[in-house]
Amino acid sequence: MDSEASGDPLMQMRELALFAGLAGLGLALVSRPAKALVKDGVQLDGLEPEMVPAVHVANSVALELSGEPTTITSGLEGEHGEGSLHFEGLAVDVRRLDRHVDQFGGVHFIDLALAERQARAIRAALPSDFDVVLEATHVHIEFDPPHA
């Protein structure tokens, strides 16, 4: 999901503008950030181009707040509500930064303030056409512009 790979100058400019939004939040920008990770079984083939900058932003936020790249936990697959934008390629879920797996394989969410900061930073860096929702196990990001 490199902006260089898109080859579209308008998309590259938009991505740069979104990254500049992160700087306005006091988040450092990484010139060559580590790529986002993708959980096994996640389907991203068919993800709409509007979601590319959102993944970049989520990854930059994760790198800044935790030093680790984000993990995409859901794309076009999975169980979602009726009418979910996941099935249209207009939504992704990313792992909450406060997720901890204990020695017995149990998953715990240990720092709600960190997860809230993650969601706020993603929301602030994206245009208003995006919705960002902190869920119990992930951060949901969708492209949902108001309908005329």
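Structure: see above.
These figures come from a predicted structure and were not determined experimentally. (Residues numbered from 1 in each chain as written. Predicted model: local features only at pLDDT ≥ 70, side-chain atom pairs only at ≥ 80, totals over all residues. Heavy atoms only, no water.)

Caption draft 1: Representation of the pattern of salt bridges. Summed over the entire model, instances satisfying the criterion amount to one salt bridge. Taking the shortest distance from any N to any O, the salt bridge between D98 and R96 comes out at 2.7 Å. In this pair, the class of D98 matches that of R96, namely buried. (Salt bridge = Lys/Arg side-chain N within 4 Å of Asp/Glu carboxyl O. Buried < 20%, exposed > 50% of the residue type's maximum accessible area, 1.4 Å probe, protein only.)

Caption draft 2: Molecular detail of the side chain of Q118. Structurally, Q118 is set in helix α4 (residues 112-125). A polar contact is formed between the side chain of Q118 and the backbone nitrogen of L97, at a distance of 3.0 Å. The contact partners of Q118, leaving out residues within four places of it in the chain, are V61, L65, V94, R95, R96, L97 and V139. (Helix = DSSP H or I, 4+ residues; strand = E, 2+ residues; numbered from the N terminus. Polar contact = N/O pair within 3.5 Å; in protein donor to acceptor, adjacent residues only side chain to side chain. Contact = heavy atoms within 4.5 Å.)

Caption draft 3: Quick look at helix α3 (residues 51-66). For α3, which comprises 16 residues, the first-to-last C-alpha distance of 22 Å matches the rise-based estimate of 22 Å (1.5 Å per residue) to within 8%. Most of α3 sits inside the fold, with 13 of its 16 residues counted as buried. Residue G67 follows α3 closely and has a positive phi angle near 80°. (Expected span 1.5 Å × (residues − 1).)

Caption draft 4: Spatial organisation of the sheet that holds strand β6 (residues 130-134). Strand order in the open sheet formed by five strands is β1-β2-β3-β7-β6, with mixed pairing between adjacent strands. Since the sheet does not close on itself, it has two edges, and those belong to β1 (37-38) and β6, each with one partner. Sheet contacts for α3: β2 (71-74), β3 (91-95), β6 and β7 (138-143); angle to β7, the most-contacted strand, approximately 150°. Relative to β6, α4 is tilted by about 180°, and along the sheet it contacts β3, β6 and β7. (Pairing = 2+ DSSP bridges. Axes fitted to C-alpha atoms, helices over the stretch in contact; angles between N-to-C directions.)

Caption draft 5: Main features of the nonpolar core. M51, I122, L126 and I141 are the most contacted members of the largest nonpolar core, which totals 28 residues. At the level of secondary structure, the elements contributing two or more residues to this core comprise α3, β3, α4, β6 and β7. Looking at which element gives the most residues to this core, the answer is α3, with eight residues. With sequence-adjacent residues up to four places away left out, M51 is seen in contact with G89, L90, A91, V92, F130, I141, E142 and F143. (Core = buried A, V, L, I, M, F, W, Y, C linked by side-chain atoms within 4.5 Å.)

Caption draft 6: Layout of the environment of A54. Relative to the helices and strands, A54 resides in helix α3. The class of A54 is buried, set by a relative accessible area of 0%. Separated by 68 residues in sequence, A54 and I122 have C-alpha atoms that sit 8.0 Å apart. Excluding residues that lie within four positions of it along the chain, A54 makes contacts with L126, F130 and I141.

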